[in-house]
Amino acid sequence: MEAPPPPTKPEREPAPSGNWWSIPLLGLFAFGVATLLTFLTLGWFGPIVLLGFAIFGIIGLQYLLWGWWFERIYRSNLPPEGSERDV
């Protein structure tokens with residue numbers, strides 16, 4: 001007695017590619033909302049929150065600059081695989 005063939009996997013539609021600007025813009029929006037709420041409360045906790053957001057904002061910009069933009073620049077200058085390079 002033969003076993004029935006296994007069912008075939010359904011084909012998946014490719015995931016939509018997002019716009020890379022959406023993440024930094026979301027971060028800027030969140031920073032703006034947090035800054036506005038901090039100034040609205042005007043308590044002793046406000047400057048601490050502002051300092052924290054400023055530090056994390058600088059860290060985020062450094063990650064974006066050094067990690068994403070420069071990596072793309074570096075990878076765009078690499079020779080194609082399999083080609084020999086003069087040293």
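Fair warning: this is a prediction, and the values are worked out from it, not measured in the lab.

1. A look at the overall build of the protein
So, step 1. Secondary structure summary: the protein contains 2 helices and 0 strands in total.
So, step 2. Burial analysis of the protein (87 residues in total) assigns 7% to the buried set.
So, step 3. As displayed, the protein offers around 8,800 Å² of accessible surface, 69% of which is attributable to carbon and sulfur atoms.

2. Describing the layout of surface pockets
So, step 1. For the largest pocket, the calculated volume is near 560 Å³.
So, step 2. Lining the largest pocket are 16 residues, with Ile 23, Pro 24, Gly 27, Gly 60 and Leu 61 sitting closest to its centre.
So, step 3. Looking at the lining of the largest pocket, the elements with two or more residues in it are helix 1 (22-41) and helix 2 (45-76).
So, step 4. With 9 residues, the single largest contributor to the lining of the largest pocket is helix 2.
So, step 5. A breakdown of the residues in the lining of the largest pocket according to their chemical character gives 13 nonpolar, 3 polar and no charged.

3. Some points on a nonpolar patch on the surface
So, step 1. On the surface, Leu 26, Phe 29, Val 33, Leu 36, Leu 37 and Leu 40 cluster together into a nonpolar patch covering about 630 Å² of accessible area.
So, step 2. Positionally, Val 33 belongs in helix 1.

4. Let's talk about the packing of aromatic side chains
So, step 1. Scanning the model with the defined rule gives 1 aromatic pair in all.
So, step 2. Seen in terms of ring centroids, Phe 31 and Phe 53 are 6.2 Å apart; in terms of plane orientation they differ by 75°. Their pairing is edge-to-face. With Phe 31 in helix 1 and Phe 53 in helix 2, this residue pair connects regions lying 22 residues apart in the sequence.
So, step 3. When its relative accessible area of 36% is taken as the criterion, Phe 31 is described as partly exposed.

5. Side note on the environment of Leu 61
So, step 1. You can see Leu 61 is positioned in helix 2.
So, step 2. The exposure class of Leu 61 is exposed, given its relative accessible area of 57%.

What counts, and where the lines are drawn
- Residues numbered from 1 in each chain as written.
- Predicted model: local features only at pLDDT ≥ 70, side-chain atom pairs only at ≥ 80, totals over all residues.
- Heavy atoms only, no water.
- Helix = DSSP H or I, 4+ residues; strand = E, 2+ residues; numbered from the N terminus.
- Buried < 20%, exposed > 50% of the residue type's maximum accessible area, 1.4 Å probe, protein only.
- Areas by Shrake-Rupley, 256 points an atom, 1.4 Å probe, with all protein chains shown as cover.
- 1 Å grid on protein atoms, 1.4 Å probe; cavity = no way out; pocket = protein on both sides within 12 Å on 5 of 7 lines; lining within 4 Å.
- Points joined across faces, edges and corners; volume = space filled by probe spheres on them.
- Nonpolar A, V, L, I, M, F, W, Y, C, P; charged D, E, K, R; others polar.
- Patch = residues over 30% accessible without salt bridge, like charges linked within 9 Å, V, L, I, M, F, W, Y side chains within 5 Å.
- Salt bridge = Lys/Arg side-chain N within 4 Å of Asp/Glu carboxyl O.
- Phe/Tyr/Trp six-rings, centres within 6.5 Å; stacked < 30°, edge-to-face > 60°.

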